[in-house]
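# Summary of structural features
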Amino acid sequence: MAHTEARGPMKNVTIELDVELHRLTRLKAEPAGKSISEYVASVLEEAAALKQPVTPEGRERLAALQRIFAGPTWDISENGRMPNAEERNARR
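Residues numbered from 1 in each chain as written. Predicted model: local features only at pLDDT ≥ 70, side-chain atom pairs only at ≥ 80, totals over all residues. Heavy atoms only, no water.

Below, the discussion takes up the confidence of the model for the chain. Per-chain confidence: the chain averages 80 in pLDDT, with 80% of residues scoring 70 or above. Confidence, expressed as mean pLDDT per element, reaches its minimum in the chain at helix H3 (residues 56-70) with 81 and its maximum at helix H1 (residues 19-29) with 92. (pLDDT = per-residue confidence, 0-100. Helix = DSSP H or I, 4+ residues; strand = E, 2+ residues; numbered from the N terminus.)

Have a look at this one:
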């Protein structure tokens, strides 16, 4: 969706570009028939819309992190409280 289409209130943003980046951006915007502002907005919209598909490896990593953050699944408390360092390290 082009940012010039009616979508509700817009916000102004001021950015600083070095001279070379400004020149390159202008050279990209002109053939597209856009102002620099319109071109930058369209590039940002495209970047924001990119959604990477989750790979099987990514799913495995996420599942592993969820298991880690869920904590242990066994009861390690003693008498309703966690053992202190001395109790944990005591030889039994």
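A complete count under the given rule lists three salt bridges for this structure. Of the charged contacts, one joins Glu-20 and Arg-23 as a salt bridge, the two residues approaching to 2.7 Å between their closest N and O atoms. You can see Glu-20 and its partner Arg-23 sitting in helix H1, three residues apart, about one turn around the helix. In this structure Glu-20 comes out as partly exposed when scored by relative accessible area, which is 39%. (Salt bridge = Lys/Arg side-chain N within 4 Å of Asp/Glu carboxyl O. Buried < 20%, exposed > 50% of the residue type's maximum accessible area, 1.4 Å probe, protein only.)

Together, Val-13, Ile-15, Leu-17 and Leu-21 line one region of the surface with nonpolar side chains, adding up to about 350 Å² of accessible area. Along the chain, the position of Leu-21 falls in helix H1. (Patch = residues over 30% accessible without salt bridge, like charges linked within 9 Å, V, L, I, M, F, W, Y side chains within 5 Å. Areas by Shrake-Rupley, 256 points an atom, 1.4 Å probe, with all protein chains shown as cover.)

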